[in-house]
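The lines below spell out each chain.
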Amino acid sequence: MTPLEHFDFDTPIDRRGTWTEKWARYEDRDVIPLWLADMDFRSPPAVIEALHRRVDHGVFGYTKVPEELIEVVLSMLHSTYQWEVERDWLVWLPSLVTGINLSCRALTDDGDDILTAVPVYPPFLSAPGHAGRNLIRVPLALESGRWVFDFDRLERAVTPRTRLFLLCSPHNPVGRAYSREELTQLARFCESHDMKICSDEIHCGLVLDPDKRHVPTASIDPAIAARTVTLMAPTKTFNLPGLGCAYAIIPNPELRKRFREAKAGIVPGVTALAFTAATAAYRDSGAWHAALLDYLRGNREIVTRAVNRMPGLSMTHVEATYIAWIDARASGIEHPIEFFEAAGVAPGNGAEFGSPGFLRLIFACPRSTLRTALERMEGALVAHPGQEQRW
């Protein structure tokens, strides 16, 4: 029996009326929301059971990080990535986005420049401005169907005040699981310009290609670790975004001190229920995780086949994440978001990620929901004036 047979990812769950951001936007419309990166699956049974036990206790006071969670995180980092992390390196956070914003404040000074590669998760584009820093965007390059860093353009973009590189690895939204060689080259580039690295690795548990592995940037060597703040969380992998729990891994004591100082008095602690969920996710949900990856691989194939046969749309291979990054520029549709909303499907707007003309489609949902959404998209495109000739 395969792991997939133990868990039900096929039964749709009605999320309307639960104050969920993803579905509330279209609560009174027949629109399938595939724009926000959370999953339309129940969280792991072990997490739900642990939360029930904690709720039954009935007292929800101020909470410190459980020793068991620290140990399970350190063990996971060792067993999965062969990365020896010390407990003092961990800084707990209520969300990973908090860590991105803190890194911009802690690792740079007013007026400094921060570099990132687009398209990328929208908080990368807003966090530098929140901190009074300047954002420099450099597009990824598409080579042989894979999105890669354009080091020539990165070199030209560096200024005397560029102090930080914001890295998304695995990369949201293009779905890359960067290789050790790619990350090493990027880290050496940052080292040559004396840049720190903030590495958002929240999708590390969602590598779909069996022949690829996530490589924590800071695990490559001590010199890279000394200039890197790594951000991780169980929330994407185990579908816990409403129970915010994340952590920064900061080996360099001076950077860790600056990070903690930027956090002090402003950032709230992690809640009791979030700690409970994180512990059960990492400790007790391995079989569910394996089954999830199997299911997502199947959904990925469905999306890839469907999108690449639709007139005017194309997508690259998704190595990691549950995100399809769709190029709609050849469709001839001026406003693709409004177009597909009218057809009953809501993908994300690529402009929010720094790439107008693209769509971000979340395929972490039951197959019946996904197939219905793709059928609606295909039907709308075929019916669009001028598309019959393309088909």
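Here the structure is a predicted model, which is why all the values come from computation and not from measurement.

Across its full length, the chain holds 14 helices and 14 strands. In summary, the chain has a C-alpha radius of gyration of 21 Å against a globular reference of 21 Å for 391 residues, a match within 12%. Seen through its C-alpha atoms, the chain measures out along the principal axes to roughly 60 × 55 × 40 Å. Within the chain, buried positions represent 59% of all 391 residues. For the chain, long-range pairs separated by at least 24 residues make up 74% of all intrachain contacts whose partners lie at least 6 apart in sequence. Just so you have it, the chain exposes about 16700 Å², and 51% of that area is on carbon and sulfur atoms. Once the 42 positive and 49 negative side-chain charges of the chain are each reduced to a mean point, those two points are 2 Å apart.

Here we come to the environment of Tyr121. On the secondary structure map, Tyr121 appears in the loop between β3 (113-118) and α5 (122-130). Measuring from C-alpha to C-alpha, the distance between Tyr121 and Pro173 comes to 6.7 Å, with 52 residues separating the pair along the chain. Not counting residues up to four positions away in its chain, the partners in contact with Tyr121 are Val97, Ile100, Asn172, Pro173, Asp200 and Phe353.

This part covers the sheet that holds strand β9 (residues 228-232). In space, the 7 strands of this open sheet follow the order β2-β10-β9-β8-β7-β3-β4, with mixed pairing throughout. Both outer strands of the open sheet, β2 (90-93) and β4 (134-139), are each paired with one neighbouring strand and no more. Taking the axes of each pair of neighbouring strands and ignoring which way they run, one obtains an average angle of 20 degrees across the sheet. As paired strands, β3 and strand β7 (residues 162-168) are joined by 4 bridges and run parallel to one another. Across the sheet, residue Asp113 finds its bridge partner in β7, namely Thr162. Each of β2, β9 and β10 (246-249) is contacted by helix α3 (residues 67-81), which is oriented at about 115 degrees to β2, the strand it contacts most. Strands β3, β4, β7 and β8 (196-200) of the sheet are contacted by α5, whose axis makes an angle of about 155 degrees with β4.

Moving on, we get to the sheet that holds strand β11 (residues 314-315). Pairing between sheet strands relies on hydrogen bonds along the backbone, with the strands arranged either parallel or antiparallel. Spatially, β1-β13-β14-β12-β11 is the arrangement adopted by the 5 strands of the open sheet, whose pairing is mixed. If you trace the sheet from one side to the other, it starts and ends with β1 (32-34) and β11, each paired once. Along the sheet, helix α13 (residues 367-383) makes contact with β1, β13 (345-349) and β14 (358-362), crossing β1 at roughly 100 degrees.

A few words on the pairing of β10. Because side chains alternate across β10, one face comprises the buried residues Ala246 and Ala248, and the other comprises Tyr247 and Ile249, equally buried. Of the strand pairs in this sheet, β2 and β10 are connected by 4 bridges, and their pairing is antiparallel. Each bridged residue has a counterpart across the sheet, and for Leu93 the counterpart in β10 is Ala246. In this sheet, β10 lies alongside β9 in antiparallel orientation, the contact comprising 3 bridges. When the sheet's bridge partners are listed, Leu231 is paired in β10 with Ala248.

The next thing to look at is the environment of Tyr322. Here Tyr322 is to be found in the loop between β11 and β12 (323-327). For the pair formed by Tyr322 and Ala225, sequence separation is 97 residues and the distance between their alpha carbons is 28 Å. Contacts of Tyr322, omitting those with residues within four sequence positions, involve Ala37, Asp38, Met39, Leu206, Lys236, Leu296, Leu361, Ile362, Phe363 and Ala364. At 3.1 Å, the side chain of Tyr322 and the backbone oxygen of Ala37 are in polar contact.

With an omega of 5 degrees, the peptide bond between Val118 and Pro119 qualifies as cis. Inspection of the secondary structure puts Pro119 in the loop between β3 and α5. The omega angle of the peptide bond from Asn172 to Pro173 is 25 degrees, so this bond is cis rather than trans. Mapping Pro173 onto the fold places it in the loop between β7 and α7 (180-192). Of note, Thr321 is a non-glycine position whose phi angle comes to about 80 degrees, a positive value. Position of Thr321 among the secondary structure elements: in the loop between β11 and β12.

A few words on the nonpolar core. Of all hydrophobic cores here, the largest spans 78 residues; its most connected members are Leu69, Trp92, Tyr322 and Phe363. Looking at this core element by element, the count peaks at 10 residues for helix α11 (residues 286-309). When residues no more than four places from it in sequence are discounted, the contact partners of Leu69 are Trp92, Cys245, Phe275, Ala278, Thr279 and Tyr282. In this structure, Ile100, Ala131, Leu164 and Leu255 belong to the second largest nonpolar core, which totals 30 residues.

Turning next to the packing of helix α2 (residues 45-57) against helix α10 (residues 272-284). Close contact between α2 and α10 brings their axes to 8 Å; oriented N to C, the two are set at 145 degrees. Taken as a pair, α2 and α10 cross one another with a handedness that is right-handed. Counted together, Ala46, Val47, Ala50, Leu51, Arg54 and Val55 of α2 and Ala272, Leu273, Thr276, Ala277, Ala280, Ala281 and Asp284 of α10 form the full contact between these two elements. Residue composition of the contact of α2 with α10, by class: 10 nonpolar, 1 polar and 2 charged.

What counts as what
- Residues numbered from 1 in each chain as written.
- Predicted model: local features only at pLDDT ≥ 70, side-chain atom pairs only at ≥ 80, totals over all residues.
- Heavy atoms only, no water.
- Helix = DSSP H or I, 4+ residues; strand = E, 2+ residues; numbered from the N terminus.
- Rg over C-alpha atoms; globule rule 2.2 N^0.38 Å.
- Buried < 20%, exposed > 50% of the residue type's maximum accessible area, 1.4 Å probe, protein only.
- Contact = heavy atoms within 4.5 Å.
- Areas by Shrake-Rupley, 256 points an atom, 1.4 Å probe, with all protein chains shown as cover.
- Lys, Arg positive; Asp, Glu negative; His and termini not counted.
- Charge placed at Lys NZ, Arg CZ, Asp CG, Glu CD.
- Pairing = 2+ DSSP bridges.
- Axes fitted to C-alpha atoms, helices over the stretch in contact; angles between N-to-C directions.
- Polar contact = N/O pair within 3.5 Å; in protein donor to acceptor, adjacent residues only side chain to side chain.
- Core = buried A, V, L, I, M, F, W, Y, C linked by side-chain atoms within 4.5 Å.
- Left-handed = near helix turned anticlockwise from the far one by under 90°.
- Nonpolar A, V, L, I, M, F, W, Y, C, P; charged D, E, K, R; others polar.

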